[in-house]
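Descriptive structure summary
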Amino acid sequence: MTAEYRVVVAGCGGMANEWISYALKHAEIEIVALVDLRPESAQAMAKKHGLTCPVFTEVSQALAATAANLVFDVTVPSSHFSIASTALEAGCHVFSEKPLAETMAECNEIVSIAGRTGKSHAVMQNRRYDPRIRSLRDLITSGTIGRTGYLGANFFLAPHFGGFRDAMDSPLLLDMAIHTFDQARYISGADPVSVYCQEFNPPGSWYEGNAAAVCIFEMSDGSVFCYQGSWCAEGAPTSWEASWRIQGERGAAIWDGRDMPYAEVIADHQESGPFLHEYVRVEGAEVEMAETFHHGCLDEMFRSLAEGRPAETDCRDNRYSMAMVLGALESARTGSKLSIAEFIRGV
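Criteria and thresholds
Residues numbered from 1 in each chain as written. Predicted model: local features only at pLDDT ≥ 70, side-chain atom pairs only at ≥ 80, totals over all residues. Heavy atoms only, no water. Core = buried A, V, L, I, M, F, W, Y, C linked by side-chain atoms within 4.5 Å. Buried < 20%, exposed > 50% of the residue type's maximum accessible area, 1.4 Å probe, protein only. Helix = DSSP H or I, 4+ residues; strand = E, 2+ residues; numbered from the N terminus. Contact = heavy atoms within 4.5 Å. Pairing = 2+ DSSP bridges. Axes fitted to C-alpha atoms, helices over the stretch in contact; angles between N-to-C directions.

Another point: the nonpolar core. The biggest cluster of nonpolar side chains holds 76 residues, and the ones touching the most others in it are Val-8, Phe-181, Phe-225 and Trp-244. Of all the elements, helix α11 (residues 315–334) adds the most residues to this core, at eight residues. Ignoring sequence-local partners within four residues, the contact set of Phe-181 consists of Leu-173, Cys-215, Phe-217, Phe-225, Tyr-227, Met-324 and Val-325. Counting residues in hydrophobic clusters, the runner-up holds 30 residues, among them Cys-12, Tyr-22, Ala-23 and Ala-42.

Moving on to helix α4 (residues 80–89). Buried within α4 we find His-80, Ile-83, Ala-84, Ser-85, Ala-87 and Leu-88. Where α4 is buried, its residues contact β1 (5–10), α3 (59–65), β4 (70–73), β5 (93–96), α5 (104–117) and β6 (121–123). Within two residues after α4, Gly-91 carries a phi angle of roughly 90°, on the positive side.

What follows deals with the sheet that holds β1. An order of β3-β2-β1-β4-β5-β6 is seen for the six strands of this open sheet, with the pairing classed as parallel. Both edges of this open sheet fall to β3 (55–56) and β6, since each of them pairs with a single strand only. Looking at chain direction, β4 and β5 are connected through four bridges and run parallel. Residue pairing for β5: Asp-73 is matched across the bridge by Ser-96. Against the sheet, helix α10 (residues 293–307) engages β1, β2 (29–35), β4, β5 and β6, with an angle of about 165° to β5.

Turning our attention to the sheet that holds strand β9 (residues 212–219). Pairing between sheet strands relies on hydrogen bonds along the backbone, with the strands arranged either parallel or antiparallel. With mixed pairing, the nine strands of this open sheet are ordered in space as β14-β13-β12-β11-β7-β10-β9-β8-β15. Of all strands in the sheet, those with a lone pairing partner are β14 (279–283) and β15 (338–339), marking the two edges. Of the pairings in the sheet, the one linking strand β7 (residues 148–156) to strand β11 (residues 243–248) comprises six bridges and is antiparallel in character. Its bridge partner lying in β11, Asn-154 is registered against Ser-243. Seen against the sheet, helix α9 (residues 177–188) touches β7, β8 (192–200), β9, β10 (224–230), β11 and β12 (251–255) and runs at an angle of roughly 155° to β10. The strands touched by α11 are β8, β9, β10 and β15; relative to β8, the strand with the most contacts, the crossing angle is about 50°.

Below, the structure written as structure tokens:
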């Protein structure tokens, strides 16, 4: 019996294991080809997972030789536009690792092709699929802290990767900040309106490019999102999920990125006009999820196909998270505040 989803996996590096392991758990998904510029990498991946599908060096070859209807793009960022455009034009849906593409023009073109072909293109934003951040979002959307005015995320870590990140011009903003920026959009339910960014390379940094940044975003709900981050911050590390404070009119929601979130809100039945209010703590509710992180995001992507709707991380939505990254870089380059809408339209 032919599987409902016939998948070409493009890119057979370490991250492809997550995607393939998900596919192998589901009877309706069949991997029909593996693609990698290094055939030996694809062959090794096939052997590791017991796959008998053919191996190719170009995604176009794989699509021509199979009846694929879906491509997993797990290639390097510089290949994402080529893979996406080739697959969409061939009539395939695309599920891709982040980022959507390397430039705003390429992001816009992917959105355009997906719309014209009627095919789905969704991006892996695995950090949305964490029960703790879903609990934090519930504290906001339930009105626990009242109307939101400020979101702050602190991200301070010191990973000694070695390799390509050490040589990148903007390793923090280009490689990591997309996660935190996308989380801010998810938590707030708002999109970016403008950005001012200053990036720099602190003393002691082992990166060639700027490994730290401060960004101020105006959001579409009138709130302000402030990001402070460094990838060369030795001592007192935050979690990889960042450390969050969301300030509302009745209180604040707090998440350290490790434990469950909570809120502190103004206690009821206080005397009018105190100098400082008393507060009560509200614990974030537990959120049940069948799958989390990569597999949780893939669950949502496949549900969206089955239900005939855009995925939560559809390219049309994810373009705004990418605009935060690329707009921040442009603001840092010019030293000026940048309109996100004009930036998206003007490329």
